[in-house]
Amino acid sequence: MITPILLCGGSGTRLWPLSRKSYPKQFAKLMSDESLFQASARRLSGPGFSAPVVLTGDPFRFIVTEQLAAVEMGPQGILIEPEGRNTAPAILAAALWLAEQDPEALMLVAPSDHVIPEAERFRAAVQAAAPRALAGDLVTFGITPTRPETGYGYLELAAGADTAAEAPQSLARFVEKPDAERAAEMLAAGNFLWNAGIFLFTAKTLISAYGAHAPALLTAVEAALAGATADLGFTRLAPEAWAGAEDISIDYAIMEKADNLAVMPYGHAWSDLGGWDAVWMESPQDETGNACSQHATAIDCSGTLLRSETEGQEVVGIGLEDMMVVAMSDAVLVAPKAEAQRVKEAVSALKAKGVSQAVQLPRDYRPWGWYESLIVGGRFQVKRIVVHPGAALSLQSHHHRSEHWIVVEGTAQVTVDEDVRLVTENQSVYIPLGAVHRMENPGKVPMVLIEVQTGSYLGEDDIIRYEDVYARS
């Protein structure tokens, strides 16, 4: 059996404003009705695959479980990284966790934000690479290049290796992201593949490689796993030990140093969706090359991406050529497609200004559901809150605000101090300043309410929690 290791801790800044630190691109429905994470989990499932192990950050742990449950899948384990330390520590943590059960376990490491449309072909390539991994090699996957791409790293195959082979080939070296001239040269040479960042090896083989090439990293991650704590089915790696692990990619830490390397060529459709230009490339286009979302209209445009990510918001482009326009309720991106790799500069600029749009989506996802602010004033705020069936907010109180709840869909069970009551559609309840209160959804359908807050301070940190089923402090 092959154990998928799904990496989903990145922030995806190059797909801002849709992808933000609070809800990065792997969890967004970018290309279909499923998120990229859900599509990745489905792709690496079925005969020959066990349940996945997921590496993620604390803010996303309930998003992971919710999205897997939505596609009727359950994880083998979810490891919580105290902070992002790049791929080398994360992958090693998964290997050590798996090795405790079976040192010979075969692990397929894959980012959770790639698009690979032909799932059966990719699974076949994984199975073809398995014997080489079981024999003790570190197998990486290389994509047949279709253009002189400067946004990817490359893999140079050894002399005599075949880039179109259907079995693992010998690898000469890893090549950093090139400039345009060098990328064109490598494409013409015919013995280079794009580095997909997907790997296959046994847990034992990988741990041995860390012992040989990154012993300090092995020591730090072993300590982080030894000090890990169980939390509602998650495994929290020990923060102090984890902080001592070097922030480094597996390419730099291991792959560029190891001599037991092989590459599995993959010659079919693949994209890491590393920018809005890649999204345009992977999206259906009209006869003049425009890719438009449902609420977008192109007039006399060509080669342009137009997306509205907010229901009820229409985006219209007139006379645009090779542009990308992505509109959300709180931010709009407009740039030439050729500047797609510079979108992360926008995030940095917004962070420098101290605006929330740099990292926070208008919709804030929580373990129990989500909320969004509809109107914010000096001493008031209006929110829409959606609570999943059977879910409950924490028992809490506030120092600086009172609240008025109006149920518009479903039924809420509301606690206000000693009073517990059911509040149905078109009914409301008032929460005085300082009252201990809780909102629950006892029903079988999502519960929606409008919350009106009034007070001198309306920040989310004005919460005193007394009980919480999600173990938040």
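Residues numbered from 1 in each chain as written. Predicted model: local features only at pLDDT ≥ 70, side-chain atom pairs only at ≥ 80, totals over all residues. Heavy atoms only, no water.

**Describing the pattern of salt bridges**
Inference 1: The final tally for this structure, using the stated rule, is 24 salt bridges.
Inference 2: The partner of Lys25 in a salt bridge is Asp113, and the shortest N-O contact between them spans 3.4 Å. With Lys25 in the loop between β1 (2–7) and α1 (36–43) and Asp113 in the loop between β4 (106–111) and α4 (119–134), this residue pair connects regions lying 88 residues apart in the sequence. A single burial state applies to Lys25 and to Asp113, both of which are buried.
Inference 3: Glu83 serves as the salt-bridge partner of Arg85, at 3.5 Å between the closest nitrogen and oxygen.
Inference 4: Residue Arg85 is classed as buried on the basis of its relative accessible area of 15%.
Inference 5: Three or more residues joined by partner-sharing salt bridges are found here, namely Asp58, Arg61, Asp231 and Arg236. (Salt bridge = Lys/Arg side-chain N within 4 Å of Asp/Glu carboxyl O. Helix = DSSP H or I, 4+ residues; strand = E, 2+ residues; numbered from the N terminus. Buried < 20%, exposed > 50% of the residue type's maximum accessible area, 1.4 Å probe, protein only.)

**Examining the packing of aromatic side chains**
Inference 1: Applying the stated criterion to the full structure yields 12 aromatic pairs.
Inference 2: For the pair Phe27 and Phe37, a centre-to-centre distance of 5.7 Å together with 65° between the ring planes defines the contact as edge-to-face. Of this pair, Phe27 sits in the loop between β1 and α1 while Phe37 is found in helix α1, placing the two residues 10 residues apart along the sequence.
Inference 3: Under the relative-accessibility criterion, Phe27 is labelled buried at 2%.
Inference 4: By relative accessible area, Phe37 is classed as buried at 0%.
Inference 5: Arranged with centres 4.9 Å apart and planes meeting at 70°, the rings of Tyr152 and Trp194 form a pair that is edge-to-face. Separated by 42 residues along the polypeptide, Tyr152 in the loop between β5 (138–143) and β6 (154–157) and Trp194 in strand β8 (residues 192–202) bring together distant segments of the chain.
Inference 6: With relative accessibility at 2%, the residue Trp194 sits in the buried group.
Inference 7: Members of the aromatic cluster, each reached through a chain of ring pairs, are Tyr23, Phe27, Phe37, Phe60 and Tyr365.
Inference 8: The positively charged end of Lys383 is found above the aromatic ring belonging to Tyr371, 4.0 Å away from the centroid. (Phe/Tyr/Trp six-rings, centres within 6.5 Å; stacked < 30°, edge-to-face > 60°. Lys NZ or Arg CZ within 6 Å of the ring centre and 35° of its normal.)

**Topic: the domain arrangement of the chain**
It is common to give the size of an interface as the accessible area that goes away when the parts come together.
Inference 1: Under the domain assignment, the chain is made up of domain 1 (2–266), domain 2 (276–352) and domain 3 (363–467).
Inference 2: For domain 1 and domain 3, the distance between their C-alpha centroids amounts to 40 Å. (Domains from an automatic or database assignment.)

**What about the sheet that holds strand β27 (residues 447–455)?**
Inference 1: The sheet built from six strands is open, its strands ordered β18-β19-β20-β27-β22-β25 with antiparallel pairing. Because the sheet does not close on itself, it has two edges, and the strands there are β18 (363–366) and β25 (428–431). Going across the sheet, the axis of each strand differs from the next one's by a mean of 20°, ignoring polarity.
Inference 2: As paired elements, strand β20 (residues 380–387) and β27 share eight bridges and run antiparallel to each other. By the bridge assignment for β27, Lys383 is matched with Glu451. (Pairing = 2+ DSSP bridges. Axes fitted to C-alpha atoms, helices over the stretch in contact; angles between N-to-C directions.)

**Details of the UniProt feature "domain: Mannose-6-phosphate isomerase type II C-terminal" (unreviewed entry) in the chain**
Inference 1: Taking the numbering used here, the UniProt-annotated feature "domain: Mannose-6-phosphate isomerase type II C-terminal" (unreviewed entry) corresponds to residues 364–468.
Inference 2: Across residues 364–468, helical content stands at 0% and strand content at 59%; the span's end C-alpha atoms are separated by 18 Å. (UniProt positions renumbered as here; feature names shortened; annotations may be inferred.)

**Thoughts on the pairing of β1**
Inference 1: Of all the six residues making up β1, six are buried; the element is thus mostly covered by neighbouring parts of the structure.
Inference 2: With burial as the criterion, each face of β1 is covered, one bearing Ile2, Pro4 and Leu6 and the other bearing Thr3, Ile5 and Leu7.
Inference 3: Here β1 runs beside strand β2 (residues 53–57); their pairing, made up of three bridges, is parallel. Within β2, the residue paired with Leu6 across the bridge is Val54.
Inference 4: In terms of handedness, the path from β1 via α1 over to β2 forms a crossover that is right-handed. (Right-handed = clockwise from strand over helix to strand, strands pointing away.)

**So, helix α6 (residues 203–213)**
Inference 1: If you check which residues of α6 are buried, you get Ala203, Thr205, Leu206, Ile207, Ala209 and Tyr210.
Inference 2: Taken together, the buried residues of α6 touch α3 (87–99), β4, β5, β8, α7 (215–226) and α9 (250–255). (Contact = heavy atoms within 4.5 Å.)

**A closer look at the state of the cysteines**
Inference 1: Summed over the entire model, instances satisfying the criterion amount to zero disulfides.
Inference 2: Cys301 provides the cysteine sulfur closest to Cys292, a residue in no disulfide bond, and the two sulfurs are 7.4 Å apart.
Inference 3: The exposure class assigned to Cys292 is partly exposed, which follows from its relative accessible area of 33%.
Inference 4: Overall, Cys301 belongs to the buried group, its relative accessible area being 7%. (Disulfide = S-S within 2.5 Å.)

**Here we look at the nonpolar core**
Inference 1: Within the largest apolar cluster, 92 residues are counted, with the highest numbers of intra-cluster contacts made by Leu108, Phe122, Phe141, Ile198, Leu200 and Trp276.
Inference 2: Here this core gets six residues from one element, more than from any other, and that element is α4.
Inference 3: Those residues in contact with Phe122, other than ones at most four positions away along the chain, are Arg43, Leu44, Leu108, Ile116, Phe141, Ile198 and Tyr266. (Core = buried A, V, L, I, M, F, W, Y, C linked by side-chain atoms within 4.5 Å.)

**Here's the deal with the packing of α3 against α6**
Inference 1: Interhelical geometry of α3 versus α6 gives an angle of 130° and a closest axis separation of 9 Å. Looking at the two axes, α3 sits oblique to α6. Classified by chirality, the crossing of α6 by α3 is left-handed. Counted together, Ala88, Ile91, Leu92, Ala95, Leu96, Leu98 and Ala99 of α3 and Ala203, Leu206, Ile207 and Tyr210 of α6 form the full contact between these two elements.
Inference 2: Split by residue class, the contact of α3 with α6 holds 11 nonpolar, no polar and no charged. (Parallel < 35°, antiparallel > 145°, perpendicular 65-115°, else oblique. Left-handed = near helix turned anticlockwise from the far one by under 90°. Nonpolar A, V, L, I, M, F, W, Y, C, P; charged D, E, K, R; others polar.)

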